[in-house]
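Chain residues, written in single-letter form:
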Amino acid sequence: MLATQDVQPSAGTQLAFEERSEGNSELAEELRQVLHERHLLDLRASRLAARFAATNEYDDHGFASPIDWIRFNCHLTSTAAADLIAVGENIERVPESVQAVSNGEIGFPHLKTMVRTANAVGARFDEASLLEKARENSAGKFYYICDHYRHAADPKGYEAEQTERVENRKLTITTCDDGAVLIKGVFDPEGGAALRTAFEPLARKSGAYDDRSREKRLGDAAVELALHALDSGLIPQQGSQRTHLQVTTSLETLLGLPGAPAADLEFSSVPVSSKTVERLACDASVTRILLDSESTVIDVGRAKRTISGPARKALNVRDKHCVWTGCERPASWTEGHHLVHWIHGGTNRPSNLALLCYRHHWMVHEGNWQIIRDSDGRIVTIPPTVTFGPPLRGPD
Ligand SMILES: [Zn+2]
Ligand SMILES: [Zn+2]
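Quick caveat, the model's predicted, so the values are computed rather than measured.

Procedures and definitions
Residues numbered from 1 in each chain as written. Chains lettered and ligands numbered in written order. Predicted model: local features only at pLDDT ≥ 70, side-chain atom pairs only at ≥ 80, totals over all residues. Heavy atoms only, no water. Salt bridge = Lys/Arg side-chain N within 4 Å of Asp/Glu carboxyl O. Buried < 20%, exposed > 50% of the residue type's maximum accessible area, 1.4 Å probe, protein only. Donors = N, O, S within 2.8 Å, 3.2 Å for Na, K, Ca; no water. Tetrahedral: all angles 85-135°; square planar, octahedral: opposite > 155°, others 65-115°. Helix = DSSP H or I, 4+ residues; strand = E, 2+ residues; numbered from the N terminus.

Can you help me understand the pattern of salt bridges in this one?
Between side chains of opposite charge, a pair can form as their charged atoms come close. Applying the stated rule across the entire model yields 20 salt bridges. Here Arg 378 ties to Asp 376 by a salt bridge, and the two come within 3.3 Å at their closest N and O atoms. Exposure class is identical for Arg 378 and Asp 376. Each is exposed. Beyond isolated ion pairs, a larger network of salt bridges with shared partners links Asp 210, Arg 212, Lys 216, Asp 220 and Arg 359.

Structure, rendered in structure tokens:
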């Protein structure tokens with residue numbers, strides 16, 4: 001009896017639950033209603049926008065185009081303003097779809113896609129069959145369906161559109177005052193897919209202690225891909241010389257001595273720290289220019305690895321992949337790390353070497369992790385000890 005009472009909600013609780021669920025369904029209904037009204041308003045705005053675009057009012061106000069006037073005065077993006085005008089100008093071509101928006105069967109985004117498709121395929125446009133698809137599918141899925149429809153109806157037109165997207169492919173690389181580099185780009189579907197296919201596997205979580213965000217992992221992946229291309233000689237060269245990151249540094253910097261200046265990295269607008277130089281010089285797949293304290297060049301670019309070809313091959317066979325726990329980057333994507341750096345007298349014997357991928361090599365040098373080989377020859381990783389300095393940051 002007692003047990004039954006325990007699991008039965010009291011009358012008061014039951015009532016509160018019913019009130020709440022009633023409140024939630026009212027909330028959902030209100031949201032649907034408000035958004036339906038918004039679609040109707042968009043429809044009205046599109047008619048007005050098309051009428052406005054047919055006047056010279058924007059010009060009288062000193063704007064370059066009606067889109068520009070709407071963007072600025074109605075607080076919209078250029079795309080949203082252009083969409084409104086495009087729908088308004090073509091509304092006569094899609095009467096059944098306009099009716100469906102009014103009835104709440106489809107939304108304004110469906111209508112935008114419908115108009116875009118009508119414009120693209122011209123006389124072959126069949127509104128009734130597409131409207132059926134619009135009713136059954138989300139706006140995103142409908143957009144995709146219409147792409148296929150356009151290809152079927154007008155392969156040449158579709159091809160021309162894709163060609164234009166390839167022509168408009170672009171990437172801008174800007175260096176900020178603090179040395180940070182901003183990269184912004186727009187790609188066509190094929191180019192974008194190629195980039196994603198290259199980045200995604202590299203951006204997966206790798207090995208133990210990986211708590212990076214997806215954005216951070218994608219950022220690391222882009223750098224890793226570029227370094228791998230440089231390192232593998234995949235970058236086309238004039239002459240036979242491979243492309244390498246060029247570092248100019250003093251011995252004091254390489255030794256990490258107090259008071260040593262930072263090093264210069266080609267294409268980097270700010271100097272790099274001695275920890276970074278230490279990593280870059282670890283496997284020495286970089287061109288080094290060493291300066292003495294008088295800035296006299298004492299060792300110019302031997303652009304070769306400190307670990308010789310045969311030693312590296314033996315290392316690849318032994319380690320097979322990055323030695324970090326749980327990391328599976330293959331040998332060709334790794335660098336040979338000196339457990340005791342050669343600058344501190346470490347040797348090139350196999351016992352002093354281990355393969356590490358770009359990220360784990362970074363963690364060991366700049367990230368202050370330690371990696372050691374225990375008496376049984378097993379690799380052990382030790383997290384950085386807690387310090388009271390600023391928090392550690394990933395590679396910028
Ligand atoms: Zn190293
Ligand atoms: Zn690794």
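Here the narrative resumes, following the displayed structure.
In this structure, what is going on with the coordination of the zinc ion (ligand 2)? I would like to understand it.
At this site the zinc ion (ligand 2) is bound by Cys 322 (SG), Cys 327 (SG), Cys 357 (SG) and His 360 (ND1), with donor distances of 2.1 to 2.3 Å. Its 4 donor atoms give the zinc ion (ligand 2) angles of 95 to 118° at the centre, a pattern that matches the tetrahedral case. Motif for the zinc ion (ligand 2), donor spacing along one chain: C-x4-C-x29-C-x2-H. Separated by 38 residues along the polypeptide, Cys 322 in the loop between helix H15 (309-319) and strand E7 (334-338) and His 360 in helix H16 (residues 358-365) bring together distant segments of the chain. Accessibility classification places Cys 322 together with His 360 in one group, the buried group.

Explain the coordination of the zinc ion (ligand 1) here, please?
Around a metal, the idealised angle for a tetrahedral arrangement of four donor atoms is 109.5 degrees; for an octahedral arrangement of six donor atoms it is 90 or 180 degrees. Coordination of the zinc ion (ligand 1) by the protein comes from Cys 282 (SG), His 337 (ND1), His 361 (NE2) and His 365 (NE2), over a distance range of 1.9 to 2.3 Å. Of note is the zinc ion (ligand 1), whose 4 donor atoms meet at the metal with angles of 101 to 117° in an arrangement that counts as tetrahedral. Mapped onto the sequence, the donors of the zinc ion (ligand 1) take the spacing C-x54-H-x23-H-x3-H. Here His 337 is found in strand E7, whereas its partner His 365 is found in helix H16, with 28 residues between them in sequence. For His 365, a relative accessible area of 2% gives the class buried.

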